[in-house]
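# Per-entry structural report
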Amino acid sequence: MKIAVLKERAAGETRVAATPETVKKLAALGASLAVEEGAGEAAAIPDAAYAEAGAEVGPAAKVVTGADMVMGVQAPDVAALSGAKPGAWVAATFDPFGQRERVEAYAKAGLEALSLEFMPRITRAQSMDVLSSQSNLAGYKAVIAAADQYGRAFPMMMTAAGTISAAKVFVMGVGVAGLQAIATAKRLGAQVSATDVRPETAEQIKSLGGKPVFAEGLEASGEGGYAAELTDEQKAAQAELVTNHIAKQDIVITTALIPGRAAPRLVSDAQIASMKQGSVIFDLAVAQGGNVEGSVPDQLVEKHGVTIMGFSNTPAHLPADASALFSRNLFNFLNAFWDEDAGKPVLDEEIGDAIRLTRAGEVVNPRLQAAS
Ligand code: NAD
């Protein structure tokens with residue numbers, strides 16, 4: 001089985017879908033690996049390291065020629081895959097709801113698209129879950145970037161010149177990214193509070209040393225451990241909660257997402273106006289429509305003396321670790337299904353049908369079919 005790894009072509013993408021470590025492990029399973037020249041450059045992995053690990057390193061066209069499978073961080077354009085074997089697998093993130101045309105193009109080209117962000121959130125798939133591994137790093141980076149932007153320190157400091165008080169950090173949305181944001185802000189010495197619409201997160205916030213801030217009756221648990229959309233009444237209750245709390249905060253990190261929908265709006269311009277000058281808001285959902293009014297991807301927006309920021313691709317700001325974890329997720333996925341006799345992975349229904357978007361010219365994914 002030939003596995004190709006291309007250099008990512010999306011603007012601002014610094015990650016790579018395989019590292020020398022996973023190249024070695026995949027080769028040990030019996031695969032032959034081909035990596036495009038410069039694929040790891042932005043993640044500080046030189047071509048020579050891939051070659052040493054056993055990969056053939058070459059130009060894109062040569063790498064893709066005859067490939068049974070292509071691995072990517074973001075799914076490449078179909079045009080880049082013309083030399084691959086008919087029906088080749090492409091395992092990558094596809095943004096299937098946002099980039100439906102790309103999915104259709106994969107179907108038309110007869111490729112089998114495997115969307116890693118559709119990996120089911122079941123125990124045995126945890127080690128294959130790129131959303132978790134990348135969100136965890138994003139939650140960390142959001143706090144570090146906000147701290148860097150903030151004109152004051154995070155921890156309380158008692159010095160001969162006087163005392164500096166601890167920064168107050170409020171985390172909105174306590175999924176994987178939010179939990180890491182709480183932990184990171186705590187490690188930096190901030191006073192941390194956090195909120196969510198899933199009640200079970202209150203305990204998780206406490207266990208990390210944060211203070212849960214919840215409104216009565218504000219519960220919106222959806223399927224599979226995700227949130228559901230709030231009713232208008234619940235939105236009003238949340239707005240009141242935020243209004244009362246946010247004016248006293250120095251740093252706000254928002255991470256709220258609802259699968260398949262635009263990010264919920266959590267912070268309004270009027271609420272931003274109530275904050276102290278010099279406060280910083282990091283909107284981790286900015287690329288999905290934003291939790292914060294006025295946030296713009298990759299720009300520092302100043303409003304009412306408050307800085308609003310957010311990256312279009314936060315894990316890409318930690319390319320080496322993000323690539324290492326993403327690549328291990330991919331290896332864990334292929335390894336779990338590797339069939340020695342077949343010399344390639346053979347997927348089961350629970351995971352295969354969940355992540356497969358296209359096969360034999362058709363869009364076959366039930367979530368996408370339901371959304372069309
Ligand atoms: P996510 O990225 O979809 O959303 C981030 C957070 O925003 C969630 O906690 C969500 O409840 C919250 N949110 C949504 N709307 C909100 C609103 N209006 N106000 C405040 N908060 C709001 O979530 P995620 O990080 O992907 O995690 C979702 C769940 O999946 C968690 O329970 C997590 O523990 C679980 N999970 C399970 C596995 C597994 O078992 N393999 C892997 C990863 C995550």
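Residues numbered from 1 in each chain as written. Predicted model: local features only at pLDDT ≥ 70, side-chain atom pairs only at ≥ 80, totals over all residues. Heavy atoms only, no water.

### So, the site of the ligand
Put simply, the rule is: Think of it this way: one heavy atom of a residue within 4 Å of a molecule or strand is enough to make that residue near it. Any N or O atom pair separated by 3.5 Å or less is treated as a polar contact, with the protein-specific requirement of one donor-capable and one acceptor-capable atom, and with residues adjacent in sequence counted only for side-chain atom pairs. For every accessible area listed, the method is Shrake-Rupley and the probe measures 1.4 Å; residues are considered covered only by the protein chains on display. Amino acid classes used here: Ala, Val, Leu, Ile, Met, Phe, Trp, Tyr, Cys and Pro are nonpolar; Asp, Glu, Lys and Arg are charged; the rest, including Gly, are polar.
In the vicinity of the ligand there are 23 residues, among which Arg121, Ser132, Val176, Asp196 and Arg198 approach most closely. Separating an oxygen atom of the ligand from a side-chain N or O atom of Gln126 is a distance of 3.4 Å. Within the side chain of Asp196, a nitrogen or oxygen atom sits 2.6 Å from an oxygen atom of the ligand. Burial of the ligand by the protein amounts to 87% of the accessible area it has alone, namely 850 Å². Grouping the constituent residues of the shell around the ligand by class yields 12 nonpolar, seven polar and four charged.

### Section: the packing of aromatic side chains
Let me state the cut-off plainly: Side-chain rings of Phe, Tyr and Trp (the six-membered ring for Trp) are treated as a pair once their centres are within 6.5 Å; stacked means planes under 30 degrees apart, edge-to-face means over 60, and tilted covers the remaining angles. Segments assigned H or I by DSSP are reported as helices when at least four residues long, segments assigned E as strands when at least two residues long, and all are numbered from the N terminus. For every residue, the accessible area (1.4 Å probe, protein chains only) is compared with the maximum for its type, and the residue is labelled buried under 20%, exposed over 50%, or partly exposed between those bounds.
Scanning the model with the defined rule gives five aromatic pairs in all. Where Phe94 meets Tyr106, the ring centres are 5.0 Å apart and the plane angle is 80°; that geometry is what we call edge-to-face. Taken together, the residues span a long stretch of sequence, with Phe94 in the loop between strand 5 (89-93) and helix 4 (100-108) and Tyr106 in helix 4 at a distance of 12 residues. Look at Phe94 and you get buried, because its relative accessible area is 0%. Seen in terms of ring centroids, Phe282 and Phe311 are 5.2 Å apart; in terms of plane orientation they differ by 85°. Their pairing is edge-to-face. Here Phe282, found in strand 13 (residues 280-283), pairs with Phe311, found in the loop between strand 15 (306-309) and helix 10 (319-337); they are 29 residues apart in sequence, far enough to count as distant.

### Some thoughts on the pattern of salt bridges
Condition: Only one rule defines a salt bridge in this text: a Lys or Arg side-chain nitrogen within 4 Å of an Asp or Glu carboxyl oxygen.
Considering all chains together, one arrives at 18 salt bridges under this definition. One salt bridge connects Lys62 with Glu56, and the closest N-O pair in it is separated by 3.9 Å. For Lys62, a relative accessible area of 51% corresponds to the exposed category. On the accessibility criterion, Glu56 (33% relative accessible area) is partly exposed. For Arg356, the salt bridge goes to Glu112, with nearest N and O atoms at 2.7 Å.

Coordinates in, geometry out; function isn't part of it.
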